[in-house]
Structures are given as structure tokens and as C-alpha cells.
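# Breakdown of the fold
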Amino acid sequence: QVQLVESGGGLVQAGGSLRLSCAASGGTFSSHAMGWFRQAPGKEREFVASISYSGYITYYANSVKGRFTISRDNAKNTVWLQMNSLKTEDTAVYYCAARDPFRAASSDAGQYNYWGRGTQVTVSS
């Protein structure tokens, strides 16, 4: 059973940066593809970025491509989401998620079985 804890959210002005962290425990982190999703008030949860368990393959939503970077350190059981050039529309609760072992990275939230509780990101104008 994998437990995930997000951190690093907060309030930032438009154009600023934040770095989210997701610390994993209770499993073999290096075998899990990881993803970041977000949910804004009144909206459905949406895909942000994902990374393969090796770290060599990444995917991004078009809305964040070129601004956000997902990365991981399997020795530290941690995945990060570096968010630059933030926009007000990036305001949401950001969730970290893990797939079952040795599954490919995916943009489909339904394919992730382990979720953190989320961290709030608020971008002001």
C-alpha cells in the first residue's frame, strides 16, 4: 500500500513559481508511475503531468506544457512538480497519484490507485 503526501502549495502571484513535492512511503517507489492532477472549484479533476517509474518518460497537459516540469528521485521516494509562469487559471488543489507497479505513465486518473490528500495552489492576479 502506497501512501502519498503532497507539500509545497501556497499563494503566489501570477507569473511566479512554486515547487510541489510528493513524498511516498509504504511501497517500492521506483516501480510506480506517478502523476499530478488538479481540481479547481466546480470543475472536474484534470490531468497535469505524469512520469514513468524509470523517470525517462514524461507527459504533460497542453495547458501546462512549457511551464511545468515533473521529475522524480527514486532514491528519495519523491516526485516534484515545478510550476513556472503561473496563471490564475492554475489555481486548484493539486493531487499526487501513483499507478500500480510497473504500469505505464498515464493521463487517465482512473488508472491511478493511490492518491494523496492534495495541496492548495492559489495564483492571484
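Shown above is the structure to which this text applies.
Our subject in this report is the structure included herewith. (Residues numbered from 1 in each chain as written. Predicted model: local features only at pLDDT ≥ 70, side-chain atom pairs only at ≥ 80, totals over all residues. Heavy atoms only, no water.)

## Considering the overall build of the protein chain
- Secondary structure assignment for the protein chain yields 0 helices and 11 strands.
- When the elements of the protein chain are put in sequence order from the N terminus, they spell out β-β-β-β-β-β-β-β-β-β-β.
- For 125 residues, the compact-globule estimate of 2.2 N^0.38 gives 14 Å, and the protein chain sits close to it at 13 Å.
- Projecting the C-alpha coordinates of the protein chain onto the three principal axes gives extents of approximately 40 × 25 × 25 Å.
- Taken across its 125 residues, the protein chain has 43% of its residues classed as buried.
- In the protein chain, the share of contacts with a sequence separation of at least 24, taken over all contacts with a separation of at least 6, comes to 59%. (Helix = DSSP H or I, 4+ residues; strand = E, 2+ residues; numbered from the N terminus. Rg over C-alpha atoms; globule rule 2.2 N^0.38 Å. Buried < 20%, exposed > 50% of the residue type's maximum accessible area, 1.4 Å probe, protein only. Contact = heavy atoms within 4.5 Å.)

## What about the pattern of salt bridges?
- What the rule picks out here adds up to 3 salt bridges.
- With a shortest N-O distance of 2.9 Å, arginine 38 and aspartate 90 are connected by a salt bridge. One end of the pair, arginine 38, is in strand E4 (residues 34–39); the other, aspartate 90, is in the loop between strand E8 (78–83) and strand E9 (92–98), with 52 residues separating them in the sequence.
- What makes arginine 38 buried here is its relative accessible area of 5%.
- As a salt-bridge pair, arginine 67 and aspartate 90 come within 2.8 Å of each other at their nearest N and O atoms. Note that arginine 67 is positioned in the loop between strand E6 (58–60) and strand E7 (68–73) and aspartate 90 in the loop between E8 and E9, a separation of 23 residues in sequence. As far as the burial class goes, arginine 67 and aspartate 90 line up, both buried.
- What emerges from the salt-bridge pattern is a single network uniting Arg38, Glu46, Arg67 and Asp90. (Salt bridge = Lys/Arg side-chain N within 4 Å of Asp/Glu carboxyl O.)

## Quick word on the sheet that holds E8
- Strand order in this open sheet of 4 strands is E1-E3-E8-E7, and the pairing throughout is antiparallel. Where the open sheet ends on each side, the last strands, each with one partner, are strand E1 (3–7) and E7. Adjacent strand axes in the sheet meet at a mean angle of 15 degrees when their direction is disregarded.
- Looking at chain direction, strand E3 (residues 18–25) and E8 are connected through 6 bridges and run antiparallel. (Pairing = 2+ DSSP bridges. Axes fitted to C-alpha atoms, helices over the stretch in contact; angles between N-to-C directions.)

## Section: the side chain of threonine 78
- If you trace the backbone, threonine 78 turns up in strand E8.
- In this structure the side chain of threonine 78 is engaged in a polar contact, spanning 2.8 Å, whose partner is the backbone oxygen of lysine 76. (Polar contact = N/O pair within 3.5 Å; in protein donor to acceptor, adjacent residues only side chain to side chain.)

## Overview of the nonpolar core
- Counting residues in each nonpolar core, the largest one holds 33 residues, and the members touching the most others are Leu4, Met34, Trp36, Val79, Leu81, Met83 and Tyr94.
- Breaking this core down by element, the ones donating at least two residues are E3, E4, strand E5 (46–51), E7, E8, E9 and strand E11 (119–124).
- A per-element tally of this core places E9 first, with 5 residues.
- Beyond its immediate sequence surroundings of up to four residues, leucine 81 is in contact with Leu18, Arg19, Leu20, Trp36, Val48, Ala49, Phe68, Thr69, Ile70 and Tyr94. (Core = buried A, V, L, I, M, F, W, Y, C linked by side-chain atoms within 4.5 Å.)

## Quick notes on unusual backbone geometry
- In this model, serine 85 sits at a positive phi of 50 degrees, which is unusual for a non-glycine residue.
- The residue serine 85 is located in the loop between E8 and E9 in this model.
- Owing to a relative accessible area of 42%, serine 85 belongs among the partly exposed residues under this scheme.
- Residues other than glycine seldom take positive phi values, yet phenylalanine 102 does so here, at roughly 65 degrees.
- Residue position: phenylalanine 102 is located in the loop between E9 and strand E10 (114–115).
- Overall, the relative accessible area of 57% leaves phenylalanine 102 in the exposed class.

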